[in-house]
Amino acid sequence: MKKIAIVLVLSLAVVGIAIAQDSFTVDLSKLPAVKNEGRLTPAPGGGNDYAFFKIDFPEGTFPADLPWASYDRIRVIFKYSRANGAEIRQGNSNCMVVVVYDPNGDLEGPPQSPGPNTPVKIFNVGGANGNVRVSSPAGAPIRPLTRAPGGILLQRQGNSAVATIELIELTFFKAP
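Residues numbered from 1 in each chain as written. Predicted model: local features only at pLDDT ≥ 70, side-chain atom pairs only at ≥ 80, totals over all residues. Heavy atoms only, no water.

Looking at the element boundaries, isoleucine 142 is found in the loop between strand E8 (140-141) and strand E9 (151-156). A residue is classified by how much of its surface remains accessible, and isoleucine 142, at 12% relative accessible area, is buried. As for isoleucine 142 and isoleucine 122, which are separated by 20 residues in sequence, their C-alpha atoms are 9.1 Å apart. Residues contacting isoleucine 142, with those up to four places away along its chain left out, are Tyr71, Asp72, Arg73, Ile74, Val120, Ile122 and Phe172. (Helix = DSSP H or I, 4+ residues; strand = E, 2+ residues; numbered from the N terminus. Buried < 20%, exposed > 50% of the residue type's maximum accessible area, 1.4 Å probe, protein only. Contact = heavy atoms within 4.5 Å.)

Listed below in structure tokens is the structure:
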């Protein structure tokens with residue numbers, strides 16, 4: 001009976017390790033800031049209407065052994081507020097997200113798609129992007145990354161009333 005219990009515990013540990021590698025949620029408490037506090041910076045080519053807030057990922061944000069090439073989905077959840085502090089509900093045209101490898105490199109990438117330094121670019125976070133809802137439990141499909149990202153841009157879309165953006169969740173995972 002004791003051997004069966006030991007085998008069961010070891011099996012559960014192996015399964016737990018395998019499942020843990022199927023996803024990774026960024027520990028936001030390790031980041032220097034996850035909320036822009038109303039200081040959205042004009043986007044490099046988009047003017048004030050497309051202001052952004054950049055979060056650099058410090059060393060140690062990601063374990064060295066994450067299987068980046070196997071993560072094909074991302075879930076990003078933001079909280080938005082107006083200049084007066086009133087919360088804006090999730091919806092289209094509030095925000096977009098850009099994940100970057102080098103936070104000091106090209107932050108824009110191609111206008112409508114990922115680029116060499118911008119492997120993830122998703123519009124309408126919190127709303128529908130076709131049938132894709134990046135804030136939903138199913139997340140959004142992405143091309144697998146080649147390495148750990150160095151930062152993320154939270155970018156207001158167009159003439160949105162968004163004055164403050166806060167990152168609530170960032171998870172990379174494999175499709176079931």
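Having seen the structure, we can now continue with the description.
Next up on the list: the pattern of salt bridges. One pass over the full model with this rule turns up three salt bridges. Among the ionic pairs, lysine 174 bridges to aspartate 22, the shortest N-O distance being 3.2 Å. Of this pair, lysine 174 sits in the segment after strand E10 (164-173) while aspartate 22 is found in the loop between helix H1 (2-20) and strand E1 (23-25), placing the two residues 152 residues apart along the sequence. By relative accessible area, lysine 174 is classed as partly exposed at 32%. (Salt bridge = Lys/Arg side-chain N within 4 Å of Asp/Glu carboxyl O.)

Membership of the largest hydrophobic core comes to 37 residues, with the highest contact counts inside it found for Ile74, Phe78 and Phe172. Looking at this core, the elements that each hand over two or more residues are strand E3 (47-56), strand E4 (73-81), strand E6 (95-100), strand E7 (120-122), E9 and E10. Residues within four places of phenylalanine 172 in sequence aside, it is in contact with Asp22, Ser23, Phe24, Val26, Phe62, Trp68, Tyr71, Arg73, Ile74, Ile142, Leu145 and Pro149. If you look at the next biggest cluster of nonpolar residues, it comprises eight residues, including Phe52, Met96, Val98 and Val100. (Core = buried A, V, L, I, M, F, W, Y, C linked by side-chain atoms within 4.5 Å.)

Among the nine residues that make up E4, seven are buried, leaving the element largely enclosed by the rest of the structure. Bridge analysis of E4 against E8 gives two bridges, and the strand direction is antiparallel. From the neighbouring strand, arginine 73 faces E8, where its bridge partner is proline 141. Of the pairings in the sheet, the one linking E4 to E10 comprises nine bridges and is antiparallel in character. Its bridge partner being in E10, tyrosine 80 is matched across the sheet by isoleucine 165. As defined by bridge partners, E4 adjoins strand E5 (residues 87-88) across two bridges and the pair is classed as antiparallel. (Pairing = 2+ DSSP bridges.)

Attention now goes to the side chain of asparagine 36. With respect to the element layout, asparagine 36 can be found in the loop between E1 and strand E2 (41-43). Overall, the relative accessible area of 0% leaves asparagine 36 in the buried class. For asparagine 36, the side chain forms a polar contact with the main-chain oxygen of alanine 163, separated by 3.2 Å. Among the polar contacts listed, one links the side chain of asparagine 36 to the backbone nitrogen of isoleucine 165, at a separation of 2.6 Å. Setting aside residues no more than four positions away along its own chain, asparagine 36 makes contact with Phe53, Ala163, Thr164 and Ile165. (Polar contact = N/O pair within 3.5 Å; in protein donor to acceptor, adjacent residues only side chain to side chain.)

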